Amino acid sequence: MMSLFSMSTFAKMMNVALSGMEAQKQRLLVIAQNLANIGSRAPQKGMDPYQRKTISFVSEMDRKKGVEVVKIKEIGRDQSPFPMIYAPEDPAANAEGFVAETNVKGPIEMTDSMEAKRGYQANLKAYEKILSMQQDAIALIKPNR
């Protein structure tokens, strides 16, 4: 009996879903690092505070698996300026009494984390559906007992 999908097709579909979950996991790790540094300031005079990290992805052909998967393209740095906060008592303050604060913005990080969570969940649902389809295909192949 010929099945609609070969087992290697199921494996390829699972690899796509797994790569999507891994990408979203990495994205959440970057977001967690950013959130952990929210409100931080330059540690010393003349130094920059924590600079928000960014992550970007690319679709790449995995020749071994014969399928396109999601890979990290780059973990970069947000180039937006650091807000300057008036805090003349801070040891890192400049001559005018201002100190640089991180460019991490809580609402942006929270929105990104919700989006990453939804992306992870969508890939997990796809993976679960593929497993279910695979089990259904095996059940069709098995002889009735």
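First things first, this report covers the structure right here in the doc. The structure displayed is predicted, hence computed values, not measured ones. (Residues numbered from 1 in each chain as written. Predicted model: local features only at pLDDT ≥ 70, side-chain atom pairs only at ≥ 80, totals over all residues. Heavy atoms only, no water.)

Another aspect to go through is the environment of P83. In this structure, P83 sits in the loop between strand 2 (67-77) and strand 3 (84-86). Judged by its relative accessible area of 36%, P83 falls in the partly exposed class. Each C-alpha atom, one on P83 and one on F10, is 50 Å from the other, the two residues being 73 residues apart in sequence. Not counting chain neighbours up to four residues away, the residues in contact with P83 comprise V99, A100, E101, T102 and N103. (Helix = DSSP H or I, 4+ residues; strand = E, 2+ residues; numbered from the N terminus. Buried < 20%, exposed > 50% of the residue type's maximum accessible area, 1.4 Å probe, protein only. Contact = heavy atoms within 4.5 Å.)

As a further point, take the environment of M133. Relative to the helices and strands, M133 resides in helix 2 (residues 106-141). For the pair M133 and N123, spaced 10 residues apart in sequence, the C-alpha to C-alpha distance is 15 Å.

Moving on, we come to the pattern of salt bridges. In total, this model carries eight salt bridges according to the counting rule given. K25 is the partner of E22 in a salt bridge, and the nearest nitrogen-oxygen pair spans 3.4 Å. Here E22 pairs with K25, and both are found in helix 1 (residues 7-36), just three residues apart, close to one helical turn. Judged by relative accessible area, which is 40%, K25 ranks as partly exposed. Across the pair R41 and D90 runs a salt bridge whose closest N-O atoms are separated by 3.5 Å. Taken together, the residues span a long stretch of sequence, with R41 in the loop between helix 1 and strand 1 (53-62) and D90 in the loop between strand 3 and strand 4 (98-100) at a distance of 49 residues. A relative accessible area of 17% means that D90 is categorised as buried. Here the salt bridges do not stand alone but share partners, grouping R52, D78, E109 and D112 into one network. (Salt bridge = Lys/Arg side-chain N within 4 Å of Asp/Glu carboxyl O.)

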